[in-house]
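In case you want the letters, here they are:
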Amino acid sequence: MFADLSPGRFVGAVALTVTAFVSAGCGGTIDGNAQPAIDVVPATSSAAPTTESSTTTTGKPAPTSSRGGDTDFQARVGDCVALGGTVDDATIEKASCGSRSSNYKVIGKARTSGDCVSDRDNFYAETLNGIETGALCLDIDWVVGGCMDVGGEEPSRIDCAESGSEPVKVITILNDSDSVDSCPDIADSGFKYAERRIVVCVESL
């Protein structure tokens, strides 16, 4: 029996504000917002295991969009970032994928956060005078065999021997699957990305 952990767990915006001056001499405010969207709510899956074939991979498939609006923070699809901060003071910086500091991967770029795929884990958006100018669509930087603590304000990579509020080890990542019942027996839960039909199978530590 598996727990189905579907997107929607990390809720609450964080923001970074910087001031920009346009050439006409008027002041404008650029706000960077990271709006987590994954809400991991344990729910027992009662569905029978899927009969569809699933492909095991070491990461998410290529995102659907690499073009978006403009953001002061520059990142490409496939880049990883360290996202943190508070509601009033977001922090974002580039990080090596799979590294200790990396907690999210850029899976797409969009004109606005609302244009990101609906099952993304998070997004980072910037606004100019209250209007979004661009967004980075983010998923947790899952690494097969690696461990994450998903119990805090933001996910954080941990050593598998460490404790945490909700530590999990990634067992495998399934593409073309919509059921955590497809996960191997060692996994006791899974993060399901329904729109993209991806399941991240994890073992609670």
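Please read all numbers here as calculations on a predicted model, not as lab measurements.

Enquirer: Mind showing me how you'd approach the packing of aromatic side chains here?
Expert: Two aromatic rings, taken as a pair, are described by how far apart their centres are and by the angle between their planes. Per the counting criterion, the structure on display carries two aromatic pairs. Plain terms: the ring middles of Phe73 and Tyr124 are 6.0 Å apart, the flat faces sit at 70° to each other, and that makes the pair edge-to-face. Note that Phe73 is positioned in the loop between β4 (55-57) and β5 (80-85) and Tyr124 in strand β8 (residues 122-128), a separation of 51 residues in sequence. The pair formed by Phe73 and Tyr124 is uniform in burial state, with each residue classed as buried.

Enquirer: What is the right way to read the environment of Asn122 from this model?
Expert: Mapped onto the elements, Asn122 comes out in strand β8. The class of Asn122 is buried, set by a relative accessible area of 0%. Between the alpha carbons of Asn122 and Ile140 there is a distance of 8.0 Å; along the sequence they are 18 residues apart.

Enquirer: Would you mind going over the pairing of strand β14 (residues 198-204) with me for this structure?
Expert: Regular strands show a simple pattern: their side chains alternate between the two faces of the sheet. Of all the seven residues making up β14, five are buried; the element is thus mostly covered by neighbouring parts of the structure. Here strand β12 (residues 167-175) pairs with β14 via seven bridges, running antiparallel. Residue pairing for β14: Ile173 is matched across the bridge by Val200. Two elements, strand β13 (residues 189-193) and β14, share five bridges in a ladder whose sense is antiparallel. If you follow Tyr193 over to β14, its bridge partner there is Ile198. The turn joining β13 and β14, which pair antiparallel and follow one another in sequence, is formed by four residues; a positive phi near 55° is taken by Arg197.

Scoring rules and cut-offs
Residues numbered from 1 in each chain as written. Predicted model: local features only at pLDDT ≥ 70, side-chain atom pairs only at ≥ 80, totals over all residues. Heavy atoms only, no water. Phe/Tyr/Trp six-rings, centres within 6.5 Å; stacked < 30°, edge-to-face > 60°. Helix = DSSP H or I, 4+ residues; strand = E, 2+ residues; numbered from the N terminus. Buried < 20%, exposed > 50% of the residue type's maximum accessible area, 1.4 Å probe, protein only. Pairing = 2+ DSSP bridges.

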